[in-house]
Amino acid sequence: MNIIVTGGAGFIGSNFIFHMLKTYPDYRIICLDKLTYAGNLSTLKTVMDNPNFRFVKLDICDREGVYKLFEEEHPDIVVNFAAESHVDRSIENPSVFLETNIMGTSVLMDACRKYGIRRYHQVSTDEVYGDLPLDRPDLFFTEETPIHTSSPYSSSKAGADLLVLAYHRTYGLPVTISRCSNNYGPYHFPEKLIPLMVINALHDKPLPVYGEGLNVRDWLYVEDHCRAIDLIIHKGTVGEVYNVGGHNEMKNIDIVKLICKELGKPETLITHVTDRKGHDMRYAIDPTKIHNELGWLPETKFADGIKKTIRWYLDNEDWWQPIISGEYQNYYEQMYGNR
Ligand code: NAD
Ligand code: TYD
């Protein structure tokens, strides 16, 4: 089996590559990644010499380059992780989100149509459903929940999802979509909540909580997400959407306090800053369908996963130190300087 994994130098894509190479020693994995600010080749250093692995630096919007790669590799499956993924950046500059997340998806699917494919899998997000009110803990996102986006990021992901379903209906492309909740774990880029708070706390820097910090996210350990995608591409039904989440809802402020506790840092580091524009209140996935149809269940409890994740950041400073010393400094100053 030949699998093209796009965005494999990023957080979830890299974890998925590790999972697949370990689980299927006879599969060939081709990672296609543009290496934007969020892609990091050092993340893939342990697999670079694996004979079943190939890295190709390529933009998913580069039609000619993508077609050439398909001609060379004849992929059976494409799993599309490549995306601009940070909500705050999408608020500052939506256009690159539309380009990569929507146009790039269409280029990949055109290549799948042209060269033939067994499966095209789109890695999507629960954010396409918008948000739920805090005072209705009985409500969850199901696959039937209407698309109702809030940010340029989630709108671009929803646009891509609709296009994927249209390619299935119009051209019969064998597609599946997974919509997962917030992931956490190793190799998470430090602009996102958990790694940002861990690294700031380690440096005794302020921990910038947006607004009151009462927003709720449904956290899933990244390996559980990777297992879900593995199941969907092998056993999922073509044309279907699968929600992925582990019923682990937490308020942002509680996560930040937990990180302080784990690292032995004072909660006085917590600084409430101006809220994110259009900030979604609550995400909560109902994973009944993937559980019933594919037998998927999360394996890592949050209490263990967060400890493992913090430990990983403590042990892997050589991974994140170069990131936060570079362009990230300008990003941080721009995003948090006057907040
Ligand atoms: P990430 O930002 O860590 O990684 C994205 C990767 O895509 C990077 O390696 C980057 O270089 C690459 N990339 C960006 N633009 C590209 C382009 N035009 N061509 C080729 N490569 C390009 O993101 P992530 O957190 O790993 O998310 C991966 C996917 O999962 C995204 O599609 C995201 O929407 C989705 N998702 C993320 C989460 C989460 O909690 N992080 C939850 C649900 C779904
Ligand atoms: P994030 O990791 O950006 O994921 P998403 O917006 O896709 O859910 O943010 C998670 C939550 O944490 C979200 O409610 C915004 C909040 N947040 C902060 O309070 N401070 C921060 O510095 C960041 C990056 C996020």
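In the block above lies the structure referred to throughout.
Before going into details, it helps to say that this report is about the structure given with it. (Residues numbered from 1 in each chain as written. Chains lettered and ligands numbered in written order. Predicted model: local features only at pLDDT ≥ 70, side-chain atom pairs only at ≥ 80, totals over all residues. Heavy atoms only, no water.)

1. Some details on the site of ligand 1
In the vicinity of ligand 1 there are 28 residues, among which I12, D33, S85, Y153 and K157 approach most closely. I12 is positioned such that a nitrogen or oxygen atom in its backbone is 2.8 Å from an oxygen atom of ligand 1. Its free accessible area being 840 Å², ligand 1 has 97% of it covered by the protein chains. When residues of the shell around ligand 1 are traced back to their parent elements, those giving at least two are α1 (11–23), β5 (119–125) and α5 (152–171). The greatest single-element share of the shell around ligand 1, amounting to three residues, is contributed by β5. Here the shell around ligand 1 is composed, by residue class, of 13 nonpolar, eleven polar and four charged. (Near = heavy atom within 4 Å. Polar contact = N/O pair within 3.5 Å; in protein donor to acceptor, adjacent residues only side chain to side chain. Areas by Shrake-Rupley, 256 points an atom, 1.4 Å probe, with all protein chains shown as cover. Helix = DSSP H or I, 4+ residues; strand = E, 2+ residues; numbered from the N terminus. Nonpolar A, V, L, I, M, F, W, Y, C, P; charged D, E, K, R; others polar.)

2. Digging into the pairing of strand β2 (residues 28–33)
The buried fraction of β2 is high, at five of six residues. One ladder, built from five bridges, connects strand β1 (residues 2–6) with β2; its direction is parallel. Each residue of the ladder has a partner; that of N2, found in β2, is R28. Considered for its hand, the β-α-β crossover made up of β1, α1 and β2 is right-handed. Bridge analysis of β2 against strand β3 (residues 53–57) gives five bridges, and the strand direction is parallel. Considered in β3, the bridge of I30 is made with R54. (Buried < 20%, exposed > 50% of the residue type's maximum accessible area, 1.4 Å probe, protein only. Pairing = 2+ DSSP bridges. Right-handed = clockwise from strand over helix to strand, strands pointing away.)

3. Describing the packing of aromatic side chains
To describe a pair of aromatic rings, one takes the distance between the centres and the angle between the planes. A complete count under the given rule lists 23 aromatic pairs for this structure. Consider the rings of F18 and Y187, whose centres lie 5.8 Å apart with planes at 55 degrees: the pair is tilted. Residue F18 is located in helix α1, and its partner Y187 is located in the loop between β7 (183–184) and α6 (193–202); the two are separated by 169 residues in the primary sequence. Look at Y167 and Y171: their rings are 5.0 Å apart centre to centre, the planes differ by 70 degrees, and that puts the pair in the edge-to-face class. With Y167 and Y171 both in helix α5, this residue pair falls four residues apart, about one helical turn. By way of ring pairs, the aromatic residues Y37, F189, Y210, Y328, Y331, Y332 and Y336 are connected into one cluster. (Phe/Tyr/Trp six-rings, centres within 6.5 Å; stacked < 30°, edge-to-face > 60°.)

Functional significance is not addressed by these values, which are geometric in nature.
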